[in-house]
Amino acid sequence: MPARKIIIDTDPGQDDAVAILLALASPEDLEVLGITAVAGNVPLPLTEKNARIICELAGKPETRVFAGCDAPLARKLVTAEHVHGKTGLDGPQLAAPTMALQPKHAVDFIVETLLTEPAGTVTLCPLGPLTNIAAALQKAPEIAGRIQEIVLMGGAYFEVGNITPAAEFNIYVDPEAADIVFRCGAPITVMPLDVTHKALTTRPRIEAFRAMGTEPGRMVAEWTDFFERFDMEKYGSQGAPLHDPCVIAYLIEPGLFSGRKINVMIETKGEYTLGMTVADWWRVSGRPANAMFMGDVDADGFYRLLTERIARL
Ligand code: BDR
Ligand code: CA
């Protein structure tokens, strides 16, 4: 099977960084057509810079990185330095990237790629707020029918929220964008907190990255060491969720995940529930299914895949 063509839309973020490394380490499975940065965990100038740092760390400076939207469609940007640190990639010391940012706007890159590649051959992998993807759909609605699949990290049902009691960060930051994406008609697969909170780091899992003795292995260990402290304090858990790599792991080994095809709507008006993913897990609404909403992951298999692949870099 030829490698699946993907665009990674991202706001790095340590867990975004691990997702990008996993994708770049897997050329037999995934062809990364480009990485599009969006404002999210930290503002856009940092997310696009971080994306370039990660490509260089992976030894793939030829990867094309595009900067996209610097703010949500209709709201002020909310960031997450309290989780990811001031740079978004706090933890290890990182050198400034030398590879250039592509001159084209990320939204134009997404639109042009979907219009020029054969229909049904490009998968979008959003790992941050859905602003770039929604802006592309607004600019060229005809791309919706050409998308092979949108596999995204965002939302929650049983785990409810992490940035508010009701909402997950990526959806909360730009609920209007999420609403556009979930209504667009393209096949959607969702990795919600229900899954990612089962993909927890443990000491042995982190030490396996450090034991690789490579620069990427050491960075992944130091990044997870850094952001683990926040989730362990918050949830009282033994480790922290590696959210975004679930998207890439699904594309490589879908059998690691299970879920239900259901209707998912986005709350854009709620006073207390803004950005909630109203996921009809029990199929009580009668609304048609618009997403494959994952609920479980084989965590050992996920970390096995991650370790095998990161060790290649
Ligand atoms: C999501 O929010 C960000 O902080 C992470 O990178 C992930 O994409 C988890 O809620
Ligand atoms: Ca992210």
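Anything mentioned here points back to the structure above.
Caption draft 1: Inspection of the sheet that holds strand β3 (residues 65-67) at higher detail. Read across the open sheet, the eight strands follow the order β3-β2-β1-β4-β5-β6-β10-β7; overall the sheet is mixed. Only two strands of the sheet have a single partner each, and these edge strands are β3 and β7 (257-262). With direction set aside, neighbouring strand axes in the sheet form an average angle of 25 degrees. Note: strand β2 (residues 30-37) against β3, three bridges, orientation parallel.

Caption draft 2: Spotlight on the environment of D280. You can see D280 is positioned in the loop between β9 (277-279) and β10 (291-297). Spatially, the C-alpha atoms of D280 and W223 are 35 Å apart, while their sequence positions differ by 57 residues. What D280 contacts, discounting residues up to four positions off in sequence, is I262, N263, S285 and G286. A distance of 2.6 Å separates a polar atom in the side chain of D280 from a polar atom in the side chain of S285.

Caption draft 3: Representation of helix α1 (residues 14-24) within the structure. Among the eleven residues that make up α1, eleven are buried, leaving the element largely enclosed by the rest of the structure. When we look at burial in α1, the residues that qualify are Q14, D15, D16, A17, V18, A19, I20, L21, L22, A23 and L24.

Caption draft 4: How the structure looks around the layout of surface pockets. Counted as a void, the largest pocket has a volume near 300 Å³. Elements supplying a minimum of two residues to the lining of the largest pocket: α1, α3 (81-84), α6 (169-173) and α10 (215-235). The leading source of residues in the lining of the largest pocket is α10, at five residues. Residue composition of the lining of the largest pocket, by class: eleven nonpolar, seven polar and seven charged.

About the cut-offs
Residues numbered from 1 in each chain as written. Chains lettered and ligands numbered in written order. Predicted model: local features only at pLDDT ≥ 70, side-chain atom pairs only at ≥ 80, totals over all residues. Heavy atoms only, no water. Pairing = 2+ DSSP bridges. Helix = DSSP H or I, 4+ residues; strand = E, 2+ residues; numbered from the N terminus. Axes fitted to C-alpha atoms, helices over the stretch in contact; angles between N-to-C directions. Contact = heavy atoms within 4.5 Å. Polar contact = N/O pair within 3.5 Å; in protein donor to acceptor, adjacent residues only side chain to side chain. Buried < 20%, exposed > 50% of the residue type's maximum accessible area, 1.4 Å probe, protein only. 1 Å grid on protein atoms, 1.4 Å probe; cavity = no way out; pocket = protein on both sides within 12 Å on 5 of 7 lines; lining within 4 Å. Points joined across faces, edges and corners; volume = space filled by probe spheres on them. Nonpolar A, V, L, I, M, F, W, Y, C, P; charged D, E, K, R; others polar.

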